[in-house]
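Coordinate analysis (summary)
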Amino acid sequence: MASLGVLHIAWDGRIDNRAELLAGLMAAGDIRATLATELPDRELVLMLFRRHGERMPELLLGDFAFAIWNVDSQSLFCARDCMGARPFYYTLQPGYFALASEDEALLALPDMDRSPNMERVAYALCPAFNAFDWQQSWLEQVYILMPGTAITITAERRFRRWNWWRWERPDEQRFESDEQALEAFGAVMEQAVRDRTRDLDSVGVIASGGMDTATVAVAASRVRESRPLRFFSTVDDDLSRCIESRAIEALAKTLGADLNRLHVPSMRGMCSQTDLDAFYERPHPVDASISLVAMMCLGASRTGQRVLLHGATGDLAMHATDDYLLRFAAERGWMTAIAEAQAASKYHTYVAGTSVPRQFARAAYHEWVPAVAKRAWRDLRRTFRGAHANWLCEAGDLGLQVQIARRTRNETHQSERASRAPPRTVAEHLDALLPFGIVRGLEGYERVAGRYGVELRDPWADRRVMAFCLALPIGLLAREGRTKYLARRWVGVELPDECVWRSDKAHLGQYLLPSTMPELAHHSKEDISEARTTAEGANTQWKVNTCARGADAPLFPNVLKSWLDGLSSHVQK
């Protein structure tokens with residue numbers, strides 16, 4: 001919190017372009033040079049708002065969410081950064097407007113309706129369904145201020161919401177050589193890490209063993225100067241059976257990092273099974289899939305590390321669709337594309353095992369077949385395979401109620417039509433980025449980190465890094481059968497091959513289950529055929545059937561049920 005005359009701010013964030021902004025204020029005579037370096041970010045934002053008004057967010061570079069109350073105009077101005085790195089939830093009720101960094105915090109307000117947003121519940125049960133309003137949270141009366149969005153509300157309840165930022169489709173970058181591209185990528189990534197660690201005595205990283213956090217870790221090691229580098233990781237008790245764990249050990253050794261470990265399945269190290277059980281005592285549909293991140297934050301908190309870097313947005317930043325071969329051929333020639341397909345069948349994370357003809361056939365289908373023909377083909381396949389019914393069975397009666405099948409088909413059709421606008425690579429990249437890529441990812445991480453008083457910062461979510469990656473040609477996003485080619489080349493200068501040139505993964509989240517249900521880690525889809533959850537919503541009892549959803553599938557229905565039951569019990573009381 002801070003005040004400047006009639007302006008009062010509630011602030012959560014960090015500004016990266018302070019020097020530029022302060023120079024502008026000093027030139028305008030708003031602040032003396034002797035005071036500039038001591039000015040907190042929140043007061044800097046107030047001074048900028050006093051001079052620039054509602055255009056002010058356009059000047060900011062960094063992670064932020066804030067609300068500014070103007071006593072004179074009796075109006076509240078709120079904004080969120082363009083990547084959504086800081087959460088922002090709000091509700092507008094007959095007697096008040098309220099905001100929070102967590103949706104359930106608003107349930108403490110008087111007369112708040114605790115009904116769940118059943119379309120979000122349907123999405124949780126059937127991930128193919130995303131054709132709903134992403135501005136609504138998991139609660140019916142709580143909304144999300146979306147990334148790059150601002151709102152103004154007055155004491156007379158006049159409400160306005162608009163986008164202060166929109167991602168544009170940039171022209172594709174051209175580099176004279178791979179070395180030039182590597183130098184440019186390194187500069188922007190190191191700057192993002194430098195800005196996110198400038199106020200830290202030590203640099204902490206959630207190291208998962210994957211390429212995204214390896215990139216962050218290498219950048220952190222280059223800019224840390226004399227500060228300690230600390231990794232927080234989950235590793236398998238038996239390193240010989242887990243390539244991710246071996247990569248983490250090699251990463252820490254190579255970069256000289258202090259490695260803080262949670263060993264699984266024994267649950268030894270910086271956290272315990274008791275800690276994990278306590279985490280699950282507060283159920284939420286988002287949290288079940290990121291218990292590993294939660295334990296890393298708890299472990300960091302216990303060591304006094306209050307800020308952690310991570311790489312959750314790396315997949316979005318370096319996104320390239322699997323059907324990239326025709327674009328690769330146009331960029332680098334057909335012979336090179338054939339060699340690329342052969343390498344992809346061996347090494348590509350998502351294409352490995354797919355024959356060369358099949359890869360080209362799939363690329364041709366996605367590149368050349370009109371959207372209307374694709375829709376007809378999908379409908380025909382559903383008719384014969386029964387896929388239409390499968391979409392519904394995942395969400396049971398709820399799926400019928402919210403019309404999952406029809407709305408998902410229409411959304412897919414619209415997305416495919418939009419993706420044909422050139423350049424297709426960038427269009428699909430932006431589609432992956434927002435809304436669900438960021439809203440589903442960064443917000444969940446921030447939610448669990450907040451439990452333990454830890455702040456998470458993702459250099460991949462830096463606006464400059466994302467803009468750089470959006471403009472990359474396909475041959476720098478995928479090459480030699482590998483995803484994230486440019487990042488692999490960049491970290492490969494310092495890291496051993498086992499950290500860089502591999503495509504297999506291991507998911508250790510399957511071991512992070514509450515002690516009340518450890519046997520679920522080994523259950524099959526048939527063993528988890530149905531879970532019944534109930535919630536009060538429009539005086540209706542909802543029945544949902546659930547299917548397995550990956551490593552955390554057996555756990556998920558139980559968490560969702562506990563969360564819904566908790567809302568219902570409070571309503572009944």
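Right above here is the structure, for reference.
Below is a summary of the structure that appears in this document. Just so you know, the residues in each chain are numbered from 1, in the order the chain's sequence is written. Totals for whole chains, interfaces and linings use all residues, but because this is a predicted model, local features are given only for residues with pLDDT of at least 70 and pairs of side-chain atoms are given and counted only at 80 or more. Side-chain numbers here rest on the full set of heavy atoms in the structure, without hydrogens or water.

Because an α-helix packs 3.6 residues into every turn, residues spaced three or four apart end up facing the same way. Exposure is judged per residue with a 1.4 Å probe applied to protein chains only, and the accessible area is read against the type maximum: over 50% gives exposed, under 20% gives buried, and values in between give partly exposed. Counting from the N terminus, the helices are DSSP H or I runs at least four residues long and the strands are E runs at least two residues long. Among the residues of helix α8 (residues 273-280), those classed as buried are Asp275, Leu276, Phe279 and Tyr280. Burial along α8 is one-sided: seen end-on, the buried residues are contained in an arc of 135°. Throughout, the arc means the angular range of directions from the helix axis out to the C-beta atoms.

Turning to the nonpolar core, a few remarks are in order. With 81 residues, the main nonpolar core has Phe66, Phe231 and Trp460 as its most contacted residues. It is helix α6 (residues 211-223) that contributes the most residues to this core, 8 residues altogether. Here, nonpolar core refers to any group of buried Ala, Val, Leu, Ile, Met, Phe, Trp, Tyr and Cys residues whose side-chain atoms link them within 4.5 Å. Val293, Ala300, Ala449 and Val454 belong to the second largest nonpolar core, which has 60 residues in total.

Our next topic: the pattern of salt bridges. When the charged atoms of two side chains with opposite charge come close together, those side chains can pair. Here, a salt bridge means any side-chain nitrogen of Lys or Arg that lies within 4 Å of a carboxyl oxygen of Asp or Glu. All chains considered together, the criterion is met by 44 salt bridges. The partner of Glu190 in a salt bridge is Arg222, and the shortest N-O contact between them spans 3.1 Å. Separated by 32 residues along the polypeptide, Glu190 in helix α5 (residues 178-197) and Arg222 in helix α6 bring together distant segments of the chain. What makes Arg222 partly exposed here is its relative accessible area of 34%. The partner of Arg464 in a salt bridge is Asp462, and the shortest N-O contact between them spans 2.7 Å. Overall, Asp462 belongs to the buried group, its relative accessible area being 2%. Among the charged side chains, a salt-bridge network with shared partners connects Arg14, Asp16, Arg18, Asp41, Asp63, Asp195, Arg196, Arg198, Asp462 and Arg464.

Another point: helix α3 (residues 41-52). Taking 1.5 Å per residue, 12 residues should reach 16 Å; α3 reaches 16 Å between its end C-alpha atoms and fits that length. The set of residues buried in α3 consists of Asp41, Leu44, Val45, Leu46, Met47, Leu48 and Phe49. The contact definition used throughout considers only heavy atoms, calling two residues in contact when any of these lie within 4.5 Å. Looking at the buried residues of α3, the elements they touch are β1 (2-4), β2 (7-15), α1 (18-27), β3 (62-70) and β4 (75-80). Expected helix span is given by 1.5 Å per residue-to-residue step, counting one fewer step than there are residues.

This brings us to the environment of Thr354. Here Thr354 shows up in the loop between α12 (334-347) and α13 (356-368). On the basis of relative accessible area, Thr354 is assigned to the buried category, the value being 15%. Here the alpha-carbon distance between Thr354 and Gln342, two residues 12 residues apart in the chain, equals 9.1 Å. Thr354 has contacts with Ser345 and Gln359, leaving out every residue within four places of it along the chain. Among the polar contacts made by the side chain of Thr354, one reaches the main-chain carbonyl oxygen of Val351 at a distance of 2.9 Å. Two N or O atoms count as a polar contact when they lie within 3.5 Å, although within protein this holds only if one can serve as hydrogen donor and the other as acceptor, and sequence-adjacent residues are included solely when both atoms are side-chain atoms.

Bringing a nonpolar patch on the surface into the picture now. Patch membership requires more than 30% relative accessible area and the absence of a salt bridge. Residues of like charge join within 9 Å; the nonpolar side chains Val, Leu, Ile, Met, Phe, Trp and Tyr join within 5 Å. Each accessible area is a Shrake-Rupley estimate made with a 1.4 Å probe; only the visible protein chains count as cover when residues are assessed. A contiguous nonpolar patch, built from Trp377, Leu380 and Phe384 and spanning about 370 Å² of accessible area, is present on the exposed surface. Positionally, Phe384 belongs in helix α14 (residues 371-385). What makes Phe384 exposed here is its relative accessible area of 68%.

As for its position among the elements, Arg14 is in strand β2. On the basis of relative accessible area, Arg14 is assigned to the buried category, the value being 3%. Side-chain polar atoms of Arg14 contact the side chain of Asp16, separated by 2.9 Å. If near-sequence neighbours (up to four positions away) are discounted, Arg14 is found in contact with Asp41, Leu61, Gly62, Asp63, Asp195, Arg196, Arg198 and Arg457.

All right, on to the sheet that holds strand β6 (residues 96-100) then. The 3 strands are arranged β6-β5-β7 in an open sheet whose pairing can be described as antiparallel. The two strands at the open ends of the sheet, each matched to only one other strand, are β6 and β7 (143-144). Strands qualify as paired when DSSP identifies two bridges or more between them.

This part is about unusual backbone geometry. Here the bond from Val264 into Pro265 is cis, since omega is 5°, no more than 30 degrees from zero. A positive phi angle, near 55°, is found at Met267, a position not held by glycine. With respect to the element layout, Met267 can be found in the loop between β12 (258-264) and β13 (268-269). Among the residues examined, Met267 registers a relative accessible area of 8% and is labelled buried. You will see that Lys484, though not glycine, has its phi angle at about 55°, which is positive. Tracing the backbone shows Lys484 in the loop between β17 (482-483) and α22 (485-491).

The aromatic pairing rule takes the rings of Phe, Tyr and Trp, using the six-membered ring of Trp, and pairs them if the centres are within 6.5 Å, calling planes under 30 degrees apart stacked, those over 60 edge-to-face and the rest tilted. Counted according to the given criterion, the structure contains 25 aromatic pairs. Where Phe185 meets Phe468, the ring centres are 6.1 Å apart and the plane angle is 40°; that geometry is what we call tilted. Here the residue Phe185 occupies a position in helix α5, and Phe468 occupies one in helix α20 (residues 463-470), the gap between them amounting to 283 residues. The exposure classification of Phe185 matches that of Phe468, with both residues buried. Should the NZ of a Lys or the CZ of an Arg lie within 6 Å of a ring centre and within 35 degrees of the ring normal, that charge is described as sitting over the ring. For the cation-ring pair, Arg160 lies above Trp162, with the distance from its terminal atom to the ring centre recorded as 3.8 Å. Over the face of the ring belonging to Tyr347 we find Arg482, whose NZ or CZ atom lies 4.1 Å from the ring centre.

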